[in-house]
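Analysis of the macromolecular model
The chain contents come next:
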Amino acid sequence: MRPRPPLGNPFQILLLACSFALAGYAGVRLLAGDWRAVALWLVGAALLHDLVLLPLYTLADRAVVRGLGAAGRREGTLYVRVPAALSGLLLLVWFPLISGMADRRYRSATGLSTDGFLARWLLISAVLFGGSALLWGLRVRRATKRRPPAAH
Amino acid sequence: MRDDRPLLPSSPGFWRSPLRGPWFTSVLGTVLLVGITVLFVTGLVSYAAYNPDLSPVNDQTPDKGLLGFYLFAWPTGPVWLYRLTQGVHVTLGIVLIPVLLAKLWSVVPRLFALPPARSLAHALERISLLLLVGGGLFEFTTGVLNVQLDYVFPGSFYPLHFYGAWVFFAAFVAHAVLKAPTAVRNLRRHVREEGDLVAPRPDAPTVSRRGALALVGGGSLLLFLTTVGQSLGGPFRRTALLAPHGGADPGGGPNGFQINKTAAYAGITPADTHQDAWRLVVTGRTGTVRLSRADLLRMPLHSSSLPIACVEGWSTADQWWRGVRLGDLAALVGHDGDPPDVFVESLQRHGAFRRAALRANQVADPRSLLALYVNGETLSPDHGYPARIIVPAAPGVLNTKWVARLTFGDL
């Protein structure tokens, strides 16, 4: 006798069937236009995030941790990670305005210019990294002062 | 030591972060449970605010079927109603992005877990997760791109974002029902170091779990502080350093406030609006009248202080509008006392909302004007000269600019 594949929780199966039915009802309407492109965006968004964005920032973070560790400054990880993460987050969310990729439409529709966005993002980043460097510097100085003179 | 490191992400030992664990994921999941529910409700409210069941010109998703079951006549007060609901929708959506990214990071080992399915129920759940993650990222991405006028998505924003929201929400509700009880239990009992998310061979920590949550919260706070000013207006607009309608106003003086679509963008030329060329055509029960701007100025003029609130989430503080009441224009063509709906047409030749319908309650509100002046000065071309609609609490695009024709009657 071959073992049957287990069914699992019947409540969960019912719940998911109900969810799929609703998603299907909306989904046929979502895909009513250019269905290939929309499906590509839906699935592509998940794949791009899980297989590209997430590995990229994970590797970047590991490189920072390793690099600082190799330099004997592992305690400085957060002082690099926090401003980099915040600056990267702002770039990710406001990329169309910062890069100016929608510049022509934005300019003609709103009467505003995208010129300032790159500069403002760079200034915010400068403040984040600069502030972080300052805090790290202060911490290092305080630690050095606290050390007894014999340690020099 | 290094040789025994597993190479495949399907192996639990591949994942090294000491942060992952049930408590961390549960905190983020609970925040998203509340936040995304608010996003969904305010999104549905925004659709209702367009009065899509009043006329096909207001409805960008006419084949919605049962998904419009909840629609209701949009009220005209409080005047800041749409400012609030849509400001919350867009600002909260932006603020939740770091939480969403952190939540996905915290559960990514499960994406690669083997075997792919332990049971039929588990297989269905994993398919549902594709809709959850794909649908969620799709909604956030289309929203973020739309508010920056970067229309690269495959089709019109309204149907994509509305139907996409229902696909996402279907998966979201199932996920919440299946996982929320576990999340609550994890939070109550402070379950931190058990379960499949905990790395079996973690790296040395560089930050605590609370520290990591503080970073996520800091990201949300930074986005909030650099965005919310575009929905508050006034002096706060300057603080919205990266938001599409933050920073400086497009101009100075009474007409200097934020513009959704300029006259140039809409293809309106000075020849179209010249006093010899432009006539307002008003049609109703007793026939049609044609009015020049001078004719309108001879009618009783009234004032109302009303904001402009856009579907893109930005809004202005109250502006002081002056013009002819829509109710008075209805009375001019035989609808005295009990004005009906009105169909508004702009001089604009292209664009989704060059025609719009307003419901009887909006026409009847004494604050609803065909505005001729703003803040004490003649309307500028970009704000709709010679005349524009302004209705309390209505989404910006229903406040038609460069009005050419008003047709009163039940729609």
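Quick notes on the rules
Residues numbered from 1 in each chain as written. Chains lettered and ligands numbered in written order. Predicted model: local features only at pLDDT ≥ 70, side-chain atom pairs only at ≥ 80, totals over all residues. Heavy atoms only, no water. Helix = DSSP H or I, 4+ residues; strand = E, 2+ residues; numbered from the N terminus. Buried < 20%, exposed > 50% of the residue type's maximum accessible area, 1.4 Å probe, protein only. Areas by Shrake-Rupley, 256 points an atom, 1.4 Å probe, with all protein chains shown as cover. Lys, Arg positive; Asp, Glu negative; His and termini not counted. Salt bridge = Lys/Arg side-chain N within 4 Å of Asp/Glu carboxyl O. Contact = heavy atoms within 4.5 Å. Domains from an automatic or database assignment. Buried area = accessible area lost by both parts, 1.4 Å probe. 1 Å grid on protein atoms, 1.4 Å probe; cavity = no way out; pocket = protein on both sides within 12 Å on 5 of 7 lines; lining within 4 Å. Points joined across faces, edges and corners; volume = space filled by probe spheres on them. Nonpolar A, V, L, I, M, F, W, Y, C, P; charged D, E, K, R; others polar. Polar contact = N/O pair within 3.5 Å; in protein donor to acceptor, adjacent residues only side chain to side chain. Core = buried A, V, L, I, M, F, W, Y, C linked by side-chain atoms within 4.5 Å. Pairing = 2+ DSSP bridges. Axes fitted to C-alpha atoms, helices over the stretch in contact; angles between N-to-C directions. Parallel < 35°, antiparallel > 145°, perpendicular 65-115°, else oblique. Left-handed = near helix turned anticlockwise from the far one by under 90°.

Topic: the overall build of chain B
The secondary structure content of chain B amounts to twelve helices and ten strands. Across its three principal directions, the C-alpha atoms of chain B cover 90 × 45 × 35 Å. By residue count, 56% of the 411 residues in chain B fall in the buried class. Just so you have it, chain B exposes about 16700 Å², and 63% of that area is on carbon and sulfur atoms.

Thoughts on the side chain of B:Arg388
Residue and element names in this part refer to chain B. In this fold, Arg388 is placed in strand E9 (residues 388-390). For the buried residue Arg388, which engages in no salt bridge, the nearest side chain bearing the opposite charge is Asp382, 10 Å off. Excluding anything up to four places from it in sequence, Arg388 contacts Ile308, Trp321, Leu369, Leu370, Ala371, Leu379, His383, Asn399, Thr400, Lys401 and Val403.

Concerning the domain arrangement of chain B
Residues and elements named next belong to chain B. Split into domains, chain B comes out as domain 1 (2-225) and domain 2 (263-408). Distance from the C-alpha centre of domain 1 to the C-alpha centre of domain 2: 40 Å. Every contact between the two is made by 29 residues of domain 1 and, on the other side, 29 residues of domain 2. Carbon and sulfur atoms supply 58% of the area buried between domain 1 and domain 2, which totals about 2400 Å² over both sides. Looking only at domain 1, the three residues that lose the most surface to domain 2 are Thr76, Val79 and Arg83, adding up to 29% of its buried area.

A look at empty space enclosed by the protein
All names here are of chain B. All chains considered together, the criterion is met by two cavities of 30 Å³ or more. Its volume calculated, the largest cavity comes out at about 610 Å³. For the largest cavity, the lining is made up of 30 residues, of which Gly43, His89, Glu139, Phe157 and His161 are closest to its centre. The class makeup of the residues in the lining of the largest cavity is 18 nonpolar, eleven polar and one charged. Empty space within the second largest cavity amounts to approximately 40 Å³.

A word on the interface of chain B and chain A
Listed by partner, the interface residues are 82 residues for chain B and 63 residues for chain A. Buried area between chain B and chain A, summed over both chains or domains, comes out near 6100 Å², and the portion from carbon and sulfur atoms is 75%. Of all residues in chain B, B:Gln148, B:Thr206 and B:Leu242 give up the largest surface area on contact with chain A, accounting jointly for 12% of the area buried on that side. For the interface between chain B and chain A, the tally reads zero salt bridges. Along the contact surface separating chain B from chain A lie 17 residue pairs in polar contact (both at pLDDT 80 or more). For the side of chain B that touches chain A, the secondary-structure elements that each account for two or more residues are helix H3 (97-111), helix H4 (120-147), helix H5 (157-189) and helix H6 (209-225) of chain B. Looking at side-chain class alone, the side of chain B that touches chain A contains 54 nonpolar, 19 polar and nine charged residues.

A word on the nonpolar core
A:Leu30, A:Trp94 and B:Phe162 are the most contacted members of the largest nonpolar core, which totals 78 residues. Aside from chain neighbours lying at most four places away, what touches A:Trp94 is B:Ile94, B:Val147, B:Gln148, B:Leu223, B:Thr227, B:Leu242, B:Ala243 and B:Pro244. B:Val79, B:Phe353, B:Ala371 and B:Phe408 belong to the second largest nonpolar core, which has 48 residues in total.

Digging into the sheet that holds strand E5 (residues 342-346) of chain B
Residues and elements named next belong to chain B. A sheet is described by the order of its strands in space; here five strands give the open sequence E2-E1-E10-E5-E6, paired in mixed fashion. Each edge of the sheet is formed by a strand with only one pairing partner; in this case those strands are strand E2 (287-291) and strand E6 (355-358). Each neighbouring strand pair of the sheet contributes to a mean axis angle of 15 degrees, computed without reference to strand direction. Sheet topology places strand E1 (residues 280-284) next to strand E10 (residues 403-408); three bridges connect them, and they run parallel. By the bridge assignment for E10, Val282 is matched with Leu406.

So, unusual backbone geometry
Backbone geometry follows two general trends: most residues other than glycine have a negative phi, and most peptide bonds adopt the trans configuration. All names here are of chain B. Here Gly77 and Pro78 are connected by a cis peptide whose omega angle stands at -5 degrees. When you line up the elements, Pro78 lands in the loop between helix H1 (22-49) and helix H2 (81-95). Following Tyr385, the chain continues into Pro386 via a peptide bond in cis, with omega recorded as 10 degrees. With respect to the helices and strands, the residue Pro386 is situated in the loop between strand E8 (377-378) and E9. We note that Leu149 has phi near 60 degrees; this positive angle belongs to a residue other than glycine.

Some details on the pattern of salt bridges
One pass over the full model with this rule turns up 14 salt bridges over all chains. As a salt-bridge pair, B:Arg349 and B:Asp272 come within 3.2 Å of each other at their nearest N and O atoms. One end of the pair, B:Arg349, is in the loop between E5 and E6; the other, B:Asp272, is in helix H9 (residues 270-273), with 77 residues separating them in the sequence. In this structure, the salt-bridge partner of B:Asp295 is B:Arg298, at a minimum N-O distance of 2.7 Å. The class for B:Asp295 is partly exposed, based on a relative accessible area of 25%. Assessed through its relative accessible area of 64%, B:Arg298 is described here as exposed. Each of A:Asp103, A:Arg107 and A:Asp115 takes part in salt bridges that share partners, so that together they form one network.

Points about the packing of H4(B) against H5(B)
Residue and element names in this part refer to chain B. At their nearest, the axes of H4 and H5 sit 8 Å apart, and the two run at 140 degrees to each other. The angle between H4 and H5 falls in the class oblique. Where H4 crosses over H5, the handedness of that crossing is left-handed. Between H4, through Glu125, Ser128, Leu129, Leu131, Leu132, Gly135, Gly136, Phe138, Glu139, Thr142, Gly143 and Asn146, and H5, the contact on the second element is made entirely by Phe157, Leu160, His161, Gly164, Ala165, Val167, Phe168, Ala171, Phe172, His175, Leu178 and Lys179. Its residues placed into classes, the contact of H4 with H5 shows twelve nonpolar, nine polar and three charged.

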